[in-house]
Amino acid sequence: MAARIVVIGGGPAGVRAAQALVDAGLRPTVIDEGRRDGGQIYRRQPEGFSRSYETLYGTEAERAASLHQSFDALKSKIDYLPDTLVWNISPNAVHLASGTSYRTLPFDALIVCSGATDRLMPVKGWHQAGTYSLGGAQVALKSQACAIGSRVVMMGSGPLLYLVAAQYVKAGAQVAAVLDTSTFMQRLAALPKLLAMPAALKKGIALTRVLAKANVPVHRGVQPIEIKGSPQRGVSGVEIALPGGARLEFACDAVALGYHLRPETQLADLAGCRFVFDDAAQQWLPQIDTDGRSSIQGIYLAGDGARVRGADAAERSGRLAALAALQDLGTPVEGVERLRAELARFTRFATGLREAFPWPAKFAASLPDETIVCRCEAITAGELRRVVHANGAQEANRAKAFSRVGMGRCQGRYCAHAGAEIIAAAACVPLSSVGRLRGQAPVKPLPVALVEEVSE
Ligand SMILES: Cc1cc2nc3c(=O)[nH]c(=O)nc-3n(C[C@H](O)[C@H](O)[C@H](O)COP(=O)(O)OP(=O)(O)OC[C@H]3O[C@@H](n4cnc5c(N)ncnc54)[C@H](O)[C@@H]3O)c2cc1C
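Owing to the predicted nature of the structure, the values given are computational and were not obtained by experimental measurement.

(A) Focus on the site of the ligand. Around the ligand, a shell composed of 30 residues is seen, among which A13, D32, Q138, L163 and D304 lie nearest. Here E33 contributes a backbone N or O atom positioned 3.0 Å from a nitrogen atom of the ligand. Summarising the interface, the protein chains cover 89% of the accessible area of the ligand, which totals 980 Å² for the free molecule. Looking at the shell around the ligand, the elements with two or more residues in it are α1 (12-23), β4 (85-90), β8 (116-118), α4 (134-144), α5 (159-170) and α9 (311-328).

(B) Representation of the sheet that holds strand β6 (residues 101-106) in the model. Spatially, β4-β5-β6-β23 is the arrangement adopted by the four strands of the open sheet, whose pairing is mixed. Taken across any chain shown, the strands that pair with only one partner, and hence form the sheet edges, are β4 and β23 (451-452). Of the pairings in the sheet, the one linking β6 to β23 comprises two bridges and is parallel in character. Among the inter-strand pairings, S101 is bridged to a residue of β23, identified as V451.

(C) A look at helix α12 (residues 381-391). What α12 keeps buried is the set A381, G382, L384, R385, V387 and V388. On its buried face, α12 sits against α11 (362-365), β21 (372-374), β22 (379-380), α13 (396-403) and α14 (416-427). Just downstream of α12, G392 is the residue with a positive phi angle, here 65°.

(D) Geometry of the packing of aromatic side chains. All told, the structure shown has six aromatic pairs when counted by the stated rule. With 6.4 Å between their ring centres and 75° between their planes, Y42 and Y57 make a pair best called edge-to-face. Of the two residues, Y42 sits in the loop between β2 (29-31) and α2 (53-57) while Y57 sits in helix α2, which places them 15 residues apart along the sequence. Classification of Y42 by relative accessible area gives buried; the value is 0%. Residue classification places Y57 among the buried residues on the basis of a relative accessible area of 8%.

(E) Looking closely at the side chain of S294. Of note, S294 is situated in the loop between β19 (283-286) and β20 (299-301). Of the residues examined, S294 reaches a relative accessible area of 12% and is grouped as buried. Of the polar contacts made by the side chain of S294, one reaches the backbone nitrogen of I296; its length is 3.0 Å. At a separation of 2.8 Å, a polar atom in the side chain of S294 contacts the main-chain carbonyl oxygen of I299. Dropping the residues within four chain positions of it, S294 is found in contact with C273, Q287, I288, I299, Y300 and L301.

What counts, and where the lines are drawn
- Residues numbered from 1 in each chain as written.
- Predicted model: local features only at pLDDT ≥ 70, side-chain atom pairs only at ≥ 80, totals over all residues.
- Heavy atoms only, no water.
- Near = heavy atom within 4 Å.
- Polar contact = N/O pair within 3.5 Å; in protein donor to acceptor, adjacent residues only side chain to side chain.
- Areas by Shrake-Rupley, 256 points an atom, 1.4 Å probe, with all protein chains shown as cover.
- Helix = DSSP H or I, 4+ residues; strand = E, 2+ residues; numbered from the N terminus.
- Pairing = 2+ DSSP bridges.
- Buried < 20%, exposed > 50% of the residue type's maximum accessible area, 1.4 Å probe, protein only.
- Contact = heavy atoms within 4.5 Å.
- Phe/Tyr/Trp six-rings, centres within 6.5 Å; stacked < 30°, edge-to-face > 60°.

Written out as structure tokens, the structure reads:
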């Protein structure tokens, strides 16, 4: 009997993994919680929308079209389950929910290509209506052709900050300011690594030109102070401190925040994969070898869900993980060395991006006590510090048990990183010793009315 290989994710990594498996004569199952393929970057617009590839994907239009065409050609050769959430993994089976039905699907090999989400640092007032993540602001534009507000401030750091701001400008939205916590000198220091991908660097520089042409104020090296507003009216402005200490305020009715990305690792965690602390990324990441093999036999991790390296790298790592799975199942494969070499270049560039737009860990220690950290459960920085001092909760899961931080709908996706920084600063311990929140099923909320699907 042919091996049953399941691919989670229909983004660049998942599509290229499926393609490699089909090329080898297999019929993989591809599962995605989204209604359409493409993943984050090449997200397809809903049926009935008719924007062109150039309008939707800009400089990435050709790549988007290529991935979509590849997927369309694969459709009759794979079992495709869109609109289906993988909410748990047990040994050799994935647990699926679609609408109000659930079922279990066994596998011989599993390739997890679950992508990434925004990495967020709280700021006082960020719980008010009108505050989004940069990714959320982009999804609104790409998917529904909507801006998040009529006057938007973009704040944080990372390539997505400039990209989303430029996309909003091009779409005709008003960007009140771009407020970057990283400095020009940090970018300069990272230049040798960024030169690993000169074309990508050029695209990044072009984004700043779009903002300059539209007269969008751009400030670098800023410290976010507060998102102003009221419960009745939501966001009304953003206050920052400039590098010299002077305060500035920008009026707006929406804010988009983000500091680069964090891999979606809950499924790897539920599968029992070993995690290691990555000093450069200051994150716990699932352990993988060069080709994406995890510490669990038969489970492979690829794309941004394993290491954030961007879409082109995700395509390579998806293919590489599929080749690793085929090899482990005894099928001879070709092209591994070339893919590894290409991936190494993307890794160097991604390291450069991380150094150019660093995660602002230092802000966690200075967050005012009243700042909400966990927006799902309304847990403040002060409450987290209290459980560190009063209950000796210096470890992430212990702090969660005492405070409920990370216990809400998002399961810590948006607060865990900053929460760990606050605990580390309050307990005066290294971030690595705080550990990470253990993944819990279901990874996302499920309908109460879920009913088991009985196969005929
Ligand atoms: C919000 C956001 C916006 C971005 N915008 C850009 C951009 O404009 N330009 C750019 O160059 N890069 C962008 N990036 C980065 C880029 O999206 C990634 O580098 C690239 O998409 C990675 O491909 P991937 O296949 O690893 O993951 P993705 O493209 O993210 O695909 C992962 C897929 O897995 C599915 N999935 C995840 N978990 C489950 C589950 N439990 N069950 C079922 N399905 C699941 C998701 O629905 C998704 O379709 C963005 C990233 C994010 C998070």
